[in-house]
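Notes for the structure review
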Amino acid sequence: MNRFVLNRRTFASAAALAVAGVAAPSVLAQGKPEKSKVAIAVGGKAAFYYLPLTIAEQLGYFKAEGLDVEISDFAGGAKALQALIGGSADVVSGAYEHTINMQSKNQFIQSIVLMGRAPQISVGVSTKTVPNYKTLADLRGKKIGVSAPGSSTNMVANLLLSRAGVKASEVSYVGVGTSAGALSALRSGQIDAMSNTDPVMTMLEQKGEVKIVSDTRTLKGTQDVFGGPMPAACFYTHVEFVQKNPNTCQALANAIVHSLKWLQTAGPSDIIKTVPEGYLLGDRALYLASFNKVREAIATDGILPDEGARTALRALASFDPAIKPEKINLAKTYTNEFARRAKEKFKA
């Protein structure tokens, strides 16, 4: 009787994995990574948005899983996605919503572990070039800085402006990156507003250089903007890669969930000691103030909530006519199987 129950459970688990788009038989027992050298693309690695990636790299969690990772840093998430599509990257550390966007173009990519449970993106208006700002409609005809056109920062700006009746074609988007270049673009007057991540936005906010008009650095702020939980940074890759390299994907998920567990108890001094000096942008105090603002936005166990996937689809469809909700199969945009196994391994 026990053997029958066990077999039935094993069959059910395998079926669930198959539905998720993962090659069930080879996932049931993790072994040595099929691909030990993994090329990872990321858009703006110094941002807190990708802190779990940096922690996993700096503390040797990838190596502990038998992986030799090469991380290529791009100006924004859209550029990192291009690296995956072009074949120069195996995996992207990027925004979950790209999986939905690509499926609308009949290209299937899938999230394998979640790093952020809120976008951490805020929109600020320059107090110098738009001193009399009152509503988002005042940004019509203005230049708006984003990490890179087509990136998650661009998506948030599009969503907010569309609600205010401002079309994407009525503003000019300028790619400014996510670090020192973004700061100088705002301060020099090259842009009138900016949609970006921390620590950049907190630095500008605390010095009174921007007025924050929308904020998804907190779970409440994310709920206010999106009407539900909004998954953010994740590891995503081609569905075919997941099917052919389940042990590699498991190793990647393990490394990230390990770093998420570390981050749950890490203090400010631990963060300072671990991240590269250049990430601090010359101001340790402001860097730590930024970290405290976004801390709750970091995922805790790598699992992407089903409701979050629905929120992302609803948000994208609200301003992008190319996204047809009825034609998107959300079950194919993410799998939680690897994160669940990693959570069990590290008791995250």
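Right above here is the structure, for reference.
In what follows, the accompanying structure is described. (Residues numbered from 1 in each chain as written. Predicted model: local features only at pLDDT ≥ 70, side-chain atom pairs only at ≥ 80, totals over all residues. Heavy atoms only, no water.)

1. A short note on the packing of helix α3 (residues 51–58) against helix α12 (residues 246–265)
To describe two helices that pack against each other, one gives the angle between their axes and the distance between the axes. Interaxial distance between α3 and α12 falls to 8 Å at its minimum, and their mutual angle equals 100 degrees. One way to sum up the angle between α3 and α12 is to call them roughly perpendicular. Side by side, α3 and α12 meet where Leu51, Pro52, Leu53, Ile55 and Ala56 of the first sit next to Ala255, Ile256, Ser259, Leu260, Trp262 and Leu263 of the second. Looking at the contact of α3 with α12, its residues break down into ten nonpolar, one polar and no charged. (Axes fitted to C-alpha atoms, helices over the stretch in contact; angles between N-to-C directions. Helix = DSSP H or I, 4+ residues; strand = E, 2+ residues; numbered from the N terminus. Parallel < 35°, antiparallel > 145°, perpendicular 65-115°, else oblique. Contact = heavy atoms within 4.5 Å. Nonpolar A, V, L, I, M, F, W, Y, C, P; charged D, E, K, R; others polar.)

2. Considerations on the environment of lysine 143
Here lysine 143 is to be found in strand β6 (residues 143–146). For lysine 143, a relative accessible area of 44% gives the class partly exposed. (Buried < 20%, exposed > 50% of the residue type's maximum accessible area, 1.4 Å probe, protein only.)

3. So, the packing of aromatic side chains
All told, the structure shown has five aromatic pairs when counted by the stated rule. A centroid spacing of 6.4 Å and a plane angle of 35 degrees characterise the contact between phenylalanine 62 and phenylalanine 235, whose relative ring orientation is tilted. With a gap of 173 residues between them, phenylalanine 62 in helix α4 (residues 61–64) and phenylalanine 235 in strand β10 (residues 233–238) connect regions that are remote in the sequence. Ring plane angle 85 degrees and centroid distance 6.2 Å describe the contact between tyrosine 96 and tyrosine 334, whose orientation is recorded as edge-to-face. Of this pair, tyrosine 96 sits in the loop between β3 (91–95) and α6 (97–103) while tyrosine 334 sits in the loop between α15 (306–319) and α16 (337–346); the two residues are 238 residues apart in sequence, bridging distant segments of the chain. Among the aromatic side chains, those forming a connected cluster through ring pairs are Phe48, Tyr287 and Phe291. Seen from the ring of phenylalanine 108, lysine 332 lies directly overhead, with NZ or CZ sitting 5.5 Å from the centre. (Phe/Tyr/Trp six-rings, centres within 6.5 Å; stacked < 30°, edge-to-face > 60°. Lys NZ or Arg CZ within 6 Å of the ring centre and 35° of its normal.)

4. A word on the side chain of serine 259
Summarising the element assignment, serine 259 is placed in helix α12. Within the local environment of serine 259, its side chain forms a polar contact with the backbone oxygen of proline 52, the two atoms lying 3.0 Å apart. Once you skip the residues sitting within four places of it in the chain, serine 259 turns out to touch Pro52, Ile55, Ala56 and Tyr61. (Polar contact = N/O pair within 3.5 Å; in protein donor to acceptor, adjacent residues only side chain to side chain.)

5. Quick notes on the pairing of β3
Burial runs high along β3: five of the five residues are buried. With three bridges joining them, strand β1 (residues 37–43) and β3 adopt parallel strand pairing. When the sheet's bridge partners are listed, alanine 41 is paired in β3 with valine 92. Pairing analysis gives four bridges linking β3 to β10, with the strands arranged antiparallel. Its bridge partner lying in β10, alanine 95 is registered against alanine 233. (Pairing = 2+ DSSP bridges.)

6. A few points about helix α8 (residues 180–187)
Where α8 is concerned, the buried positions are Ala182, Leu183, Ala185 and Leu186. Here the buried residues of α8 occupy an arc of 165 degrees about the axis, which is enough to place them on one side. Along its buried surface, α8 packs onto β5 (122–126), β8 (193–196), α9 (200–206) and β9 (210–215). The positive-phi residue at the C-terminal boundary of α8 is glycine 189, with phi of around 85 degrees. (Arc of directions from axis to C-beta.)

7. Let's talk about the sheet that holds β5
One open sheet accounts for five strands, arranged β7-β6-β8-β5-β9; its pairing is mixed. With partners counted over all chains shown, the strands left at the sheet margins are β7 (172–175) and β9, one partner each. For this sheet, the mean inter-axis angle between neighbouring strands, taken without regard to orientation, is 25 degrees. As paired elements, β6 and β7 share four bridges and run parallel to each other. Note on β7: the bridge partner recorded for valine 146 is glycine 175.

8. Remarks on the state of the cysteines
Taken as a whole, this structure holds zero disulfides when the rule is applied. Here cysteine 234 stays unpaired: no disulfide links it, and the sulfur of cysteine 249, its closest cysteine neighbor, is 12 Å away. (Disulfide = S-S within 2.5 Å.)

9. As for α3
Here α3 lies mainly inside the structure; six of its eight residues are buried. Turning to α3, its buried residues are Leu51, Pro52, Leu53, Thr54, Ile55 and Ala56.

10. A short note on the pattern of salt bridges
Counted according to the given criterion, the structure contains 14 salt bridges. In this structure, the salt-bridge partner of lysine 220 is aspartate 224, at a minimum N-O distance of 3.0 Å. You can see lysine 220 and its partner aspartate 224 sitting in helix α10 (residues 219–226), four residues apart, about one turn around the helix. Side by side, lysine 220 and aspartate 224 carry an identical accessibility label, which is exposed. When the shortest N-O distance is used, the salt bridge between arginine 284 and glutamate 277 registers 3.5 Å. By relative accessible area, which is 47% here, arginine 284 ends up partly exposed. Given the relative accessible area of 54%, glutamate 277 is considered exposed. Salt bridges sharing partners connect three or more residues here, namely Asp198, Glu205, Asp215, Arg217 and Lys293. (Salt bridge = Lys/Arg side-chain N within 4 Å of Asp/Glu carboxyl O.)

Geometric values such as these leave the question of function open.
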